[in-house]
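# Close look at the chain arrangement
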Amino acid sequence: AKATKSLKQTERLVEKEVSVSKLRVPTIFEVLEEHHAFKFLELICSKWDTDAASFNGRTIFVPPDHAFLDEFTDTWEEECWGTHMLNGPYHMQDLYILSNCGSGMMLCANMSFTLNCRLNEAGEYIVWLTKRKQPRRVVRIVSSDIRVEGGSVLHFVDKIIYPN
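These lines cover the structure that appears in this document, whether it is placed above or below. (Residues numbered from 1 in each chain as written. Predicted model: local features only at pLDDT ≥ 70, side-chain atom pairs only at ≥ 80, totals over all residues. Heavy atoms only, no water.)

### Thoughts on unusual backbone geometry
Which entries qualify depends on this criterion: Runs of E in the DSSP output that reach at least two residues are strands. Runs of H or I that reach at least four are helices, and both are numbered from the N terminus. For each residue, the accessible area found with a 1.4 Å probe, counting protein chains only, is set against the maximum for its type, and the residue is called buried under 20%, exposed over 50%, and partly exposed in between.
Even without a glycine there, the phi angle at His36 is positive, about 55°. Checked against the element boundaries, His36 lands in the loop between α2 (28-34) and α3 (38-51). Assessed through its relative accessible area of 53%, His36 is described here as exposed. Residues other than glycine seldom take positive phi values, yet Asp145 does so here, at roughly 60°. Looking at the element boundaries, Asp145 is found in strand β6 (residues 139-147). With relative accessibility at 30%, the residue Asp145 sits in the partly exposed group.

So, in structure tokens, the structure goes:
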């Protein structure tokens, strides 16, 4: 009986330790709030009810609030969803390797544009869309590789990646 009691106490301690040591992955909402990306958070919330699954297992580029001019100007276009997401959760190092060792570009979630990734002179990751007969608009990665619940990876960028 004493051994059984001791065994049960040990099991409870192990259960408690396992539950405490589990890594908690934040939700996309928590990360956006923590990084003060409130405008993008509003966009996510407006799409979440109808298409929450589209934010799972993706690479998502998050622009800062100052990129959205003001509440009276429609800065975000519907096509921007496709240019700010890739199918698959990629860390920046993975994107860099795929972009430089593979075909040189990755297809955006909207399947209309390809995304390139390089390092700039300061050693920062930069990305841009490949568009014919248009100058490339380089977007700098400010904070990268933030994993969220649902398996997606967020990268905070310095501006909106416009499709046109």
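### Focus: the sheet that holds strand β2 (residues 85-87)
Cut-off, in case you're wondering: Following DSSP output, two strands are said to pair if at least two bridges run between them. Residues are treated as being in contact if the distance between any of their heavy atoms lies within 4.5 Å. Convention adopted: a line fitted to C-alpha atoms gives each axis, helices being fitted over their contacting stretch, and angles between N-to-C directions are expressed from 0 to 180 degrees.
Read from one edge of the open sheet, 7 strands run β2-β1-β7-β6-β5-β4-β3, paired in mixed fashion. At either margin of the open sheet sits one strand with a lone partner, and together these are β2 and β3 (106-107). Where strand β1 (residues 58-62) and strand β7 (residues 153-157) come together, 4 bridges link them in parallel fashion. Its bridge partner being in β7, Phe61 is matched across the sheet by His155. Along the sheet face, helix α5 (residues 92-101) touches β1, β2, β3, β4 (114-119), β5 (125-130), β6 and β7 and points at about 105° away from the line of β4.

### Re the packing of aromatic side chains
Quick note on the threshold: Only the six-membered ring of Trp is used, alongside the rings of Phe and Tyr, when aromatic pairs are assigned; centres must lie within 6.5 Å, and planes under 30 degrees apart are stacked while those over 60 apart are edge-to-face, with the rest tilted.
Overall, the coordinates contain 3 aromatic pairs when judged by the stated rule. Plain terms: the ring middles of Phe55 and Trp81 are 5.6 Å apart, the flat faces sit at 70° to each other, and that makes the pair edge-to-face. Placement of Phe55 in the loop between α3 and β1 and of Trp81 in helix α4 (residues 80-83) is noted, with a sequence separation of 26 residues between them. In this structure, Phe55 and Trp81 share a single accessibility class: buried. Centre to centre, the rings of Tyr96 and Tyr125 are 6.1 Å apart; their planes meet at 65°, and the pair counts as edge-to-face. You can see Tyr96 sitting in helix α5 and its partner Tyr125 sitting in strand β5, a full 29 residues away along the chain. One aromatic cluster in this structure is built from Phe40, Phe55 and Trp81.

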